[in-house]
Amino acid sequence: PPLFVRADIGLVERVLDNLVENALRHTPAGGSVTVDAAPCEGRARLVVSDTGEGIPAAELPGIFDRYYRSERTGGGQRASGHGGLGLVIARRIVDLHHGTLRIDSTERRGTTIR
């Protein structure tokens, strides 16, 4: 059945763009990225999962901090040319819609963001 959501479409598109772009960037050839949307307790739940490199457990607490930079990236601009603000922006947009953004990740196994 269709899933109806009351939200700012431009902001929701930005969240999805950021999450899917991150998943694709960190998933090697032959891996997979899945996107799912479903109703959940009167709200919508979006899930983006990948089978990519994952995020080390030690980095997860700071992953949504706008000033945090992973040691793996050498700080500042990432090797991919991205500044690393996609998750920060996505979380702020989700907060503005009275939602939450949660991340589960295992190194070398992948990441799921809900």
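In this text, all values refer to a predicted model and were calculated from it rather than measured experimentally.

Draft legend 1. Geometry of the packing of helix 1 (residues 9-25) against helix 2 (residues 86-96). Between helix 1 and helix 2, the shortest axis-to-axis distance is 9 Å and the interhelical angle comes to 145°. In this structure, the crossing between helix 1 and helix 2 has a hand that is left-handed. Residues Leu-11, Arg-14, Val-15, Asn-18, Leu-19 and Asn-22 of helix 1 pack against Gly-86, Leu-87, Ile-89, Ala-90, Ile-93 and Val-94 of helix 2.

Draft legend 2. Structural context of the layout of surface pockets. Estimated volume of the largest pocket: approximately 880 Å³. Taken together, 28 residues make up the lining of the largest pocket; nearest its centre are Arg-43, Ala-44, Arg-45, Leu-46 and Gly-99. It is helix 1 that provides the largest number of residues to the lining of the largest pocket, a total of 6 residues. When grouped by side-chain class, the residues that make up the lining of the largest pocket number 16 nonpolar, 4 polar and 8 charged.

Draft legend 3. View of helix 1. Over its 17 residues, helix 1 runs 24 Å from end to end, which matches the ideal 24 Å to within 8%, given 1.5 Å per residue. Of the positions making up helix 1, those classed as buried are Val-15, Asn-18, Leu-19, Asn-22 and Ala-23. On an axial view of helix 1, the arc spanned by its buried residues comes to 125°, and they lie on one face. Of the exposed residues in helix 1, the ones pointing more than 90 degrees away from its buried face are Ile-9, Asp-17 and Leu-24. Of the surrounding secondary structure, the elements contacted by the buried residues of helix 1 are strand 1 (33-40), strand 2 (43-50), helix 2 and strand 4 (110-113).

Draft legend 4. Local environment of helix 2. Buried within helix 2 are the following residues: Leu-87, Val-88, Ala-90, Ile-93 and Val-94. Here the buried face of helix 2 lies against helix 1 and strand 4. Looking one or two residues past helix 2, His-98 carries a phi angle of roughly 60°, positive in sign.

Draft legend 5. A look at the sheet that holds strand 2. Read across the open sheet, the 4 strands follow the order 1-2-4-3; overall the sheet is antiparallel. At either margin of the open sheet sits one strand with a lone partner, and together these are strand 1 and strand 3 (103-106). This sheet shows a mean twist of 10° between the axes of neighbouring strands, independent of strand direction. Note that strand 3 and strand 4 share 4 bridges and pair antiparallel. The partner of Thr-106 across the bridge, within strand 4, is Gly-110. Contacts from helix 1 reach strand 1, strand 2 and strand 4, with the element oriented near 20° to strand 2.

Procedures and definitions
Chains are numbered independently. Their residues run from 1 in the order of the written sequence. Where local features are concerned, this predicted model is filtered to residues with pLDDT of at least 70; where side-chain atom pairs are given and counted, the filter is 80 or more; whole-chain, interface and lining totals use all residues. Note that water and hydrogens are dropped before the side-chain values are worked out from all heavy atoms of the structure. Axis geometry follows a simple rule: fit a line to the C-alpha atoms, using only the stretch in contact for helices, then measure angles between N-to-C directions, giving values from 0 to 180 degrees. Working definition: helices are DSSP H or I runs of at least four residues, strands are E runs of at least two. Numbering for both runs from the N terminus. In a left-handed crossing the near helix is turned counterclockwise from the far helix by less than a right angle, and in a right-handed crossing that turn is clockwise. Working rule for contacts: check all heavy atoms of both residues, and any pair within 4.5 Å makes them a contact. Both cavities and pockets are sets of points on a 1 Å grid over the protein atoms alone; in a cavity a 1.4 Å probe fits but cannot get out, in a pocket the set is open with protein on both sides within 12 Å along at least five of seven lines, and lining residues sit with an atom within 4 Å of a point. Grid points are joined across faces, edges and corners, and a volume is the space filled by probe spheres set on the points. Note on residue categories: nonpolar means Ala, Val, Leu, Ile, Met, Phe, Trp, Tyr, Cys or Pro, charged means Asp, Glu, Lys or Arg, and polar means any other residue, Gly included. Expected span of a helix: the number of residues minus one, times 1.5 Å. Partly exposed residues are those whose accessible area sits between 20% and 50% of the maximum for their type, while under 20% is buried and over 50% is exposed, using a 1.4 Å probe and protein chains only. Of all possible arcs, the one meant is that of the directions from the helix axis to the C-beta atoms. Only strands joined by at least two bridges in the DSSP assignment are considered to pair.

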